[in-house]
Amino acid sequence: LSTRESIATPACWPNNHPDLKDEAGRSMQGAVFPLDTVAKSDVQSFFPQRVDVQLPSGRKYMTLAKIDDAGRMPLCAGCVSFGT
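Cut-off values and rules
- The residue count restarts for each chain, going from 1 along the sequence in the order it is written.
- With pLDDT at 70 or above as the cut-off, local features in this predicted model cover only qualifying residues; side-chain atom pairs require 80 or more to be listed or tallied, and sums for whole chains, interfaces and linings still use all residues.
- Computation of side-chain values: all heavy atoms of the structure, hydrogens and water removed.
- For our purposes a nonpolar core is just a set of buried Ala, Val, Leu, Ile, Met, Phe, Trp, Tyr and Cys residues, chained together by side-chain atoms within 4.5 Å.
- For the exposure calls, accessible area comes from a 1.4 Å probe over protein chains only, and a residue counts as buried if that area is under 20% of its type's maximum, exposed if over 50%, partly exposed in between.
- Whether two residues are in contact is decided by their heavy atoms: any pair within 4.5 Å suffices.
- Definitions used for this entry: grid spacing 1 Å over protein atoms alone; cavity, a set of points where a 1.4 Å probe fits but cannot get out; pocket, an open set with protein on both sides within 12 Å along at least 5 of 7 lines; lining residue, one with an atom within 4 Å of a point.
- Grid points are joined across faces, edges and corners, and a volume is the space filled by probe spheres set on the points.
- Here a strand is any run of E in DSSP of at least two residues, a helix any run of H or I of at least four, and the numbering for each starts at the N terminus.
- Three residue categories are used. Nonpolar comprises Ala, Val, Leu, Ile, Met, Phe, Trp, Tyr, Cys and Pro, charged comprises Asp, Glu, Lys and Arg, and polar comprises the others, including Gly.
- Between N or O atoms, a polar contact is any pair within 3.5 Å; within protein, one atom must be a potential hydrogen donor and the other a potential acceptor, and residues adjacent in sequence are included only when both atoms are from side chains.
- Counted as salt bridges are all cases of a side-chain nitrogen of Lys or Arg within 4 Å of a carboxyl oxygen of Asp or Glu.

Participant: Teacher, can you tell me more about the nonpolar core here?
Facilitator: Soluble globular proteins tend to pack their nonpolar side chains together in the buried interior. Listed in full, the 6 residues of the largest apolar core are Ile7, Val32, Val38, Val43, Phe47 and Ala65. Filtering out sequence-adjacent residues up to four positions away, Val43 remains in contact with Pro34, Val38, Arg50 and Thr63.

Next comes the structure, spelled out in structure tokens:
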């Protein structure tokens, strides 16, 4: 998934963060981490359901995002895709 979707999966994925909710109150269970190599504008475009987790200092720590067919990163023309 990291290569194809530009995401990383938590160790307990897809059962991670069952109690975390986004701003609309939707569950973030099964959320993934967009890689740091993905531009902030692309994260906003391709991962509309996401939560920015803050450190106690208020600085952004990480972004958790739900991924589905509507929120997939586009594949490059020369990329090889395994599965769907």
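Participant: Which parts of the structure should I look at to understand the layout of surface pockets?
Facilitator: Taken as a whole, the largest pocket encloses approximately 310 Å³ of empty space. Together, 15 residues line the largest pocket, and Pro34, Asp36, Val43, Lys60 and Thr63 are the ones closest to its centre. Put simply, the parts of the chain that give the lining of the largest pocket at least two residues each are strand E2 (33-34), helix H2 (40-46), strand E3 (50-54) and strand E4 (60-65). Ranked by residues supplied to the lining of the largest pocket, first place goes to E4 with 4 residues. Across the lining of the largest pocket, the residue classes break down as 8 nonpolar, 2 polar and 5 charged.

Participant: Please clarify how the side chain of Thr63 should be interpreted in this entry.
Facilitator: The residue Thr63 is located in strand E4 in this model. Note on Thr63: relative accessible area 9%, which makes it buried. Reaching out from Thr63, the side chain makes a polar contact with the side chain of Asp52 at a distance of 2.6 Å. In terms of polar contacts, Thr63 uses its side chain to reach the side chain of Lys60, at 3.1 Å. The residues touching Thr63, leaving out its near neighbours within four places in the chain, are Val32, Phe33, Pro34, Val43, Arg50, Val51 and Asp52.

Participant: For this particular structure, what's the right way to read the pattern of salt bridges?
Facilitator: Opposite charge on two side chains makes pairing possible when the charged atoms of those side chains draw close. Tallying each qualifying case throughout the model produces 1 salt bridge. With its nearest N and O atoms 2.8 Å apart, the salt bridge here joins Arg26 to Asp22. Its relative accessible area of 44% is what places Arg26 among the partly exposed residues.

Participant: It is not clear to me how unusual backbone geometry should be interpreted in this structure. Could you clarify?
Facilitator: Keep in mind that most residues, glycine aside, have a negative phi and that most peptide bonds are trans. Omega for the bond connecting Trp13 with Pro14 falls within 30 degrees of zero, at 10°, which places this linkage in the cis form. Its place among the elements puts Pro14 in the loop between strand E1 (7-8) and E2. Look at His17: it is not a glycine, yet its phi comes out positive at around 50°. Secondary-structure assignment places His17 in the loop between E1 and E2. Given the relative accessible area of 29%, His17 is considered partly exposed.

The analysis is restricted to geometry; functional conclusions fall outside its scope.
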